[in-house]
Amino acid sequence: NLFARQTNDDVAVINTTDKFGAMLKARVSAQVAELVTGDSAARNQIRIINPQTIKIFLAGIRGQNNGQPEITECQLDLSTTKLRGTHNRIDIGLASCAALAGGVAPEAIQRAINTFAPLEHRLEFFTTAQGIRVINDSKSTTVAASVAALHTVCTEYPTAHVVLMIGGLAKA
């Protein structure tokens, strides 16, 4: 178990929007910062407000200030990220929360979001030929990764003609 050695002094950042994450939350001894959906962030939550905005609100995760939980709150702009798809926005929210809980300044997190370059073969625009967009996601070698790629393409290009290259070598 990834969180087995954590104590109440530690932080577990968990995506509780899926069944596994929700189940895991109940078994963790650490303080939990969880990904949830909706408009406003409550204590120790990460919210994806819309595809362009993430809000993180941590209370007491980074300690106390004069006997009161230290409040850390930030809103991050995703409009400049080169990462595509809801699954990547979720990952950005979770990673940003972990960084914030670890003491990284919101400005540094925002800079990382703005400048991070995606790896090759991961929802990578390849070319447009005869009005058809070709997108290379050949690193999608699991069903879950392929479904995420299809969801992203259908969401971002609902009326376009798209060829999505998925696959590669199967993983065990």
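A.B. asks: Explain the overall build of the protein chain here, please?
C.D. replies: Each helix and strand in the protein chain was counted, giving four helices and eight strands. Its helices and strands in sequence order give the protein chain the pattern β-α-β-β-β-β-α-α-β-β-α-β, from N to C terminus. With 172 residues in all, the protein chain has 38% of them scored as buried. Pairs at least 24 residues apart make up 41% of the contacts formed inside the protein chain by residues separated by at least 6 positions. About 10300 Å² of surface is accessible on the protein chain, with carbon and sulfur atoms providing 55% of the total.

A.B. asks: Would you take a moment to explain the layout of surface pockets for this structure?
C.D. replies: Taking a probe equal in size to a water molecule and rolling it over the atoms shows the remaining empty space. In this structure, the largest pocket spans a volume of roughly 490 Å³. For the largest pocket, the lining is made up of 22 residues, of which His-87, Asn-88, Arg-122, Leu-123 and Asp-137 are closest to its centre. At the level of secondary structure, the elements contributing two or more residues to the lining of the largest pocket comprise helix H2 (86-101) and helix H4 (143-156). For the lining of the largest pocket, the leading source of residues is H2, giving four residues. Residues of the lining of the largest pocket, tallied by class, amount to nine nonpolar, four polar and nine charged.

A.B. asks: Where do I start with the sheet that holds strand S8 (residues 161-166) in this structure?
C.D. replies: Within a sheet, each strand pairs with its neighbour through backbone hydrogen bonds, oriented either parallel or antiparallel. The mixed open sheet is built from three strands, whose spatial order is S6-S7-S8. Strand pairing shows two members of the sheet lacking a second neighbour, strand S6 (124-129) and S8, which therefore form its edges. Strand after strand, the sheet turns through a mean of 20° between neighbouring axes, direction not considered. Its contacts with the sheet place H4 against strand S7 (132-137) and S8, and it is angled at close to 165° to S8.

A.B. asks: Whenever I open this one, the nonpolar core confuses me. Can you help?
C.D. replies: Proteins that are soluble and globular tend to have nonpolar side chains buried together. Counting 19 residues, the largest nonpolar core has Ile-46, Ile-56 and Leu-58 as its most contacted members. Elements that contribute at least two residues to this core include exactly strand S2 (31-37), strand S4 (53-65), strand S5 (68-77), H2 and helix H3 (106-115). Once you skip the residues sitting within four places of it in the chain, Ile-46 turns out to touch Val-13, Ala-33, Glu-34, Leu-35, Val-36, Ile-54, Lys-55, Ile-56, Gly-93, Leu-94 and Cys-97. Judged by nonpolar contacts, the second largest core, of seven residues, contains Phe-3, Ile-14, Leu-24 and Val-28.

A.B. asks: Any chance you could explain the confidence of the model for the protein chain here in plain terms?
C.D. replies: In low-pLDDT segments, the atomic positions of the prediction should not be examined closely. When pLDDT is averaged along the protein chain, the result is 85, and 88% of the positions lie at 70 or above. The secondary-structure element of the protein chain with the lowest mean pLDDT is S4, recorded at 75, while H3 shows the highest, at 96.

A.B. asks: Just checking my understanding: could you explain the packing of H2 against H3 for this structure?
C.D. replies: For any two helices packed against each other, the geometry is given by the interaxial angle and the distance between the axes. For the pair H2 and H3, interaxial distance at closest approach is 10 Å and the crossing angle is 150°. What the angle tells us is that H2 and H3 run roughly antiparallel. As for how H2 packs across H3, the hand of that crossing is right-handed. Of H3, the residues touching H2 (which contributes Ile-92, Ser-96, Ala-99 and Leu-100) are Pro-106, Ile-109 and Ile-113.

Parameters at a glance
- Residues numbered from 1 in each chain as written.
- Predicted model: local features only at pLDDT ≥ 70, side-chain atom pairs only at ≥ 80, totals over all residues.
- Heavy atoms only, no water.
- Helix = DSSP H or I, 4+ residues; strand = E, 2+ residues; numbered from the N terminus.
- Buried < 20%, exposed > 50% of the residue type's maximum accessible area, 1.4 Å probe, protein only.
- Contact = heavy atoms within 4.5 Å.
- Areas by Shrake-Rupley, 256 points an atom, 1.4 Å probe, with all protein chains shown as cover.
- 1 Å grid on protein atoms, 1.4 Å probe; cavity = no way out; pocket = protein on both sides within 12 Å on 5 of 7 lines; lining within 4 Å.
- Points joined across faces, edges and corners; volume = space filled by probe spheres on them.
- Nonpolar A, V, L, I, M, F, W, Y, C, P; charged D, E, K, R; others polar.
- Pairing = 2+ DSSP bridges.
- Axes fitted to C-alpha atoms, helices over the stretch in contact; angles between N-to-C directions.
- Core = buried A, V, L, I, M, F, W, Y, C linked by side-chain atoms within 4.5 Å.
- pLDDT = per-residue confidence, 0-100.
- Parallel < 35°, antiparallel > 145°, perpendicular 65-115°, else oblique.
- Left-handed = near helix turned anticlockwise from the far one by under 90°.

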